[in-house]
Amino acid sequence: MSILVTGGAGYIGSATVDLLIERGQPVVVLDNFVEGHRDAVNKAAELYEGSIGDAALVDSIVRKHEVRACVHFAAHTNVGVSVTDPAKFYANNVGEGLALVTALTKAGVRDIVFSSTCATYGEPVRVPMDEEHPQNPHNPYGWTKFFMERVLEDFHRAYGLHLVGLRYFNASGATKLRGEHHRPETHLIPLVLFAALGLRDSISVFGSDYGTHDGSCVRDYIHIEDLAEAHWKALKYLASGGKSDFFNVGTGRGYSVLEVIEAAKKVSGREIKVKMEARRPGDASYLVADATKAREVLGWEPKYQTLDSIIESAWKWHSAHPEGYAR
């Protein structure tokens, strides 16, 4: 029996596919390649190009490959675009997501691991943030993930769907084979490393007046290898009869934008020009996880505990792939 991975050509999805195959799991990838890359898909996976909202396609994949569980990554994730074009995000992340979950449920798939986000929490009222923290997203991206969480909860109550929602914090780093390549790139660590590689003139810091120790935003950076492991643990948890639930996935340690830049200078051995800019809409000041629940219930523990180790892995990948997955 197979595991369906939607968005398996993406940044976190491709790393998770690699790990599942390494653990002996047959994997089917469904991706429309709007965000993902063909070259990021493990050759041992069955690959389908198409929309997660195509119910007939999803049904045929489930039946042909005897899909027993789905890991659902496929979504738009650019926070800035979600603010300027929310219709695009609601149509894809919620509309297509609902169609996918409906098709899976009708086809008899009962276990789903959902790629959620700390963006569902919004501005923190306490830190670190546990799973009981109020959810009040500050941008449409966060709201789309929030709504999909509610969809999955309702499907659990009405149709017996079993779900684990992983609310992870800032995905980062690289494995030997998989790294970060978005079009356009908006995430801090690759942009800083692009500046170190001379692929851009400088790095912009958006906001220097947040209520943090140095005025720049603070984030909890979690390595994609550790995220992949969390999805594997979640699948095993559901297969063993674990109850539906949501879990934070983070290290519990926050680093500011300026600290990330300094760490990148140290790892790369290169100077990086910094430009201070105004705040961006939708950015929270301080997002750090309390991942105690994932450790205690899923038995998950992050291997990459320091910012330097995360950035070093990303530096190696970007240095070897300055154009990402471009041939």
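Here's what I pulled together on the structure shown here. Quick caveat: nothing in here was measured; it's all calculated off a predicted structure.

What counts, and where the lines are drawn
Residue indices begin from 1 for each chain and proceed along its sequence in written order. Totals for whole chains, interfaces and linings use every residue, but because this is a predicted model, local features are given only for residues with pLDDT of at least 70 and side-chain atom pairs only at 80 or more, for both listing and counting. Processing note: side-chain calculations cover all non-hydrogen atoms of the structure and skip hydrogens and water entirely. Strands here mean DSSP runs of E at least two residues long; helices mean DSSP runs of H or I at least four residues long; both are numbered from the N terminus. As a reference, a globule follows 2.2 Å times the number of residues to the power 0.38, and the radius of gyration itself is taken over C-alpha atoms. Each accessible area is a Shrake-Rupley estimate made with a 1.4 Å probe; only the visible protein chains count as cover when residues are assessed. Residues counted as positive are Lys and Arg, residues counted as negative are Asp and Glu, and His and the chain ends are not counted. Here the site of a charge means NZ on Lys, CZ on Arg, CG on Asp, or CD on Glu. Here, a salt bridge means any Lys or Arg side-chain nitrogen found within 4 Å of an Asp or Glu carboxyl oxygen. Any residue under 20% of the maximum accessible area for its type is buried, any over 50% is exposed, and the rest in between are partly exposed; the area is computed with a 1.4 Å probe on protein chains only. Should DSSP find at least two bridges between two strands, the strands are taken to pair. Fitted lines through C-alpha atoms serve as axes, helices being fitted only where they are in contact, and the angles separating the N-to-C directions of these axes extend from 0 to 180 degrees. Contact between two residues is taken to exist if any of their heavy atoms lie within 4.5 Å; hydrogens are not considered.

Attention now goes to the overall build of the protein. The helix and strand tally for the protein stands at 10 helices and 14 strands. Its C-alpha atoms give the protein a radius of gyration of 19 Å, near enough to 20 Å, the size a compact globule of 327 residues would have. Dimensions of the protein, computed from the C-alpha atoms along their principal axes, are close to 55 × 45 × 40 Å. Surface accessibility of the protein: about 13,500 Å² in total, with carbon and sulfur atoms responsible for 51%. Where the 35 positive side-chain charges of the protein centre and where its 41 negative ones centre are 2 Å apart.

This model, assessed by the stated rule, comprises 18 salt bridges. Across the pair E153 and R150 runs a salt bridge, and its minimum N-O distance is 2.8 Å. Taken together, the residues E153 and R150, both in helix α5 (residues 140–159) and three residues apart, mark about one turn of the helix. Residue R150 is classed as partly exposed on the basis of its relative accessible area, which comes to 21%. A salt bridge links E301 to R295, with the shortest nitrogen-to-oxygen separation between them at 3.1 Å. The exposure class of E301 is partly exposed, given its relative accessible area of 46%. Within this structure, E149, R150, E153 and R167 form a network of salt bridges that share partners.

Moving on: the sheet that holds strand β2 (residues 27–31). Spatially, β3-β2-β1-β4-β5-β6-β11 is the arrangement adopted by the seven strands of the open sheet, whose pairing is parallel. Unpaired on one side and paired on the other, β3 (46–49) and β11 (245–249) mark the two borders of the sheet. Direction aside, the axes of adjacent strands within the sheet are offset by 20 degrees on average. Judged from the four bridges that link them, strand β4 (residues 67–72) and strand β5 (residues 111–117) form a sheet pairing that is parallel. Bridged to V71 within β5 is V113. Against the sheet, helix α7 (residues 224–239) engages β1 (2–6), β4, β5, β6 (162–168) and β11, with an angle of about 160 degrees to β6.

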